[in-house]
Amino acid sequence: SDLEPEHFQVDQIENMITLSELPPSRWQNLLDIDIIKKRNKPLEAPKTPKAAPFFLPTLPSLNLEFDLSALKDNEDGVKTVTLQNIKRNLTPFAKLLMDSGDFQRVIEKLKSLGPSAIDFEVNSLAMEGEDLLLKFMQMLDQLLRTNTDFELGQAYLALFLKVHGETVATTPTLCSFMDQLHEAQESSWRRLQTSIWYTLAVVDLKLMESYGHQTSSLVSTAERKNI
């Protein structure tokens, strides 16, 4: 009816931290994914054919599809694969990360991946040197500063540092940007910590008030009995 208040939805409230709507299974085990893989590893390794003449790059898909985009024509019109082109054969996520200025699309792509795929993508970042690593750090910086998907940002950052922490520490460009990323992390955590402390203070106050009312009631009952 016309008297009912209008309901509206906002993506983010100022000075507040929001969580994603993803189930915990999508991010909670990222740091332990290597342990899970070892536990689920088959007892017998798959056998490879004895004679394999060459290998072709494949597309990430459930079906076996060869990626022929790295082929080039030689003088005889025959397509050949160069080692340089194979090295440039980035995953769709890595290509999106490399070409993005605004990382929101990259974040949404990352949120659509499962734990194993995320682990694979993060481990593959080093294949392109520090450029792709820096891009991923810039994406994390944006994610932390928007105060959205808080638990995902923490999980992605923890996995990134677990895999590439040594590289970051020994690369001046990455190490320098790490200071900015650390500041974003500290800022988001302080905001959350303040909210937690405020909530705990309110709960303690309510408990004290409840305890005070109970004590007053007991005292009044005792006084009436004495009378």
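Everything here concerns the structure above.
Residues numbered from 1 in each chain as written. Predicted model: local features only at pLDDT ≥ 70, side-chain atom pairs only at ≥ 80, totals over all residues. Heavy atoms only, no water.

Caption draft 1: Spatial organisation of the nonpolar core. Of all hydrophobic cores here, the largest spans 35 residues; its most connected members are Leu-97, Phe-136 and Met-139. For this core, the elements supplying multiple residues, two or more each, are helix H3 (92–99), helix H4 (104–111), helix H5 (115–123), helix H6 (130–145), helix H7 (150–170) and helix H8 (172–226). In terms of residues, this core owes the most to one element, H6, which gives nine residues. Each residue touching Phe-136, except ones within four places of it in the same chain, is listed here: Phe-93, Leu-97, Leu-110, Val-122, Leu-125, Tyr-156 and Phe-160. (Core = buried A, V, L, I, M, F, W, Y, C linked by side-chain atoms within 4.5 Å. Buried < 20%, exposed > 50% of the residue type's maximum accessible area, 1.4 Å probe, protein only. Helix = DSSP H or I, 4+ residues; strand = E, 2+ residues; numbered from the N terminus. Contact = heavy atoms within 4.5 Å.)

Caption draft 2: Looking closely at the packing of aromatic side chains. For the coordinates displayed, the defined rule picks out one aromatic pair. Each ring, one from Phe-136 and one from Phe-160, has its centre 5.4 Å from the other, and the planes form 20°; the classification is stacked. Here Phe-160 lies in helix H7 and Phe-136 lies in helix H6, a separation of 24 residues in the sequence. An identical accessibility class is assigned to Phe-136 and Phe-160; each is buried. (Phe/Tyr/Trp six-rings, centres within 6.5 Å; stacked < 30°, edge-to-face > 60°.)

Caption draft 3: Just the side chain of Lys-111, in detail. Structurally, the position occupied by Lys-111 is in helix H4. Look past the residues within four positions of Lys-111 in its chain and what remains in contact with it is Leu-22, Arg-26, Asp-149, Leu-152 and Tyr-156.

Caption draft 4: Quick peek at H3. Residues of H3 that are buried include every one of Phe-93, Ala-94, Leu-96 and Leu-97, and no others. Viewed along the axis of H3, the buried residues span an arc of 160°, placing them on a single side of the element. (Arc of directions from axis to C-beta.)

Caption draft 5: Spotlight on H4. Listed as buried for H4 are Val-106, Ile-107, Leu-110 and Lys-111. Burial along H4 is one-sided: seen end-on, the buried residues are contained in an arc of 135°. In this structure, the buried side of H4 is in contact with H3, H5, H6 and H7.

Caption draft 6: Broad picture of the packing of H5 against H7. Axis separation between H5 and H7 bottoms out at 10 Å; the angle between their running directions is 45°. Classified by the angle between their axes, H5 and H7 sit oblique to one another. H5 and H7 meet at a crossing whose hand is right-handed. Residue-level contacts link Ile-118, Asp-119, Val-122 and Asn-123 of H5 to Tyr-156, Leu-159, Phe-160, Val-163 and His-164 of H7. In terms of residue class, the contact of H5 with H7 is made up of six nonpolar, two polar and one charged. (Axes fitted to C-alpha atoms, helices over the stretch in contact; angles between N-to-C directions. Parallel < 35°, antiparallel > 145°, perpendicular 65-115°, else oblique. Left-handed = near helix turned anticlockwise from the far one by under 90°. Nonpolar A, V, L, I, M, F, W, Y, C, P; charged D, E, K, R; others polar.)

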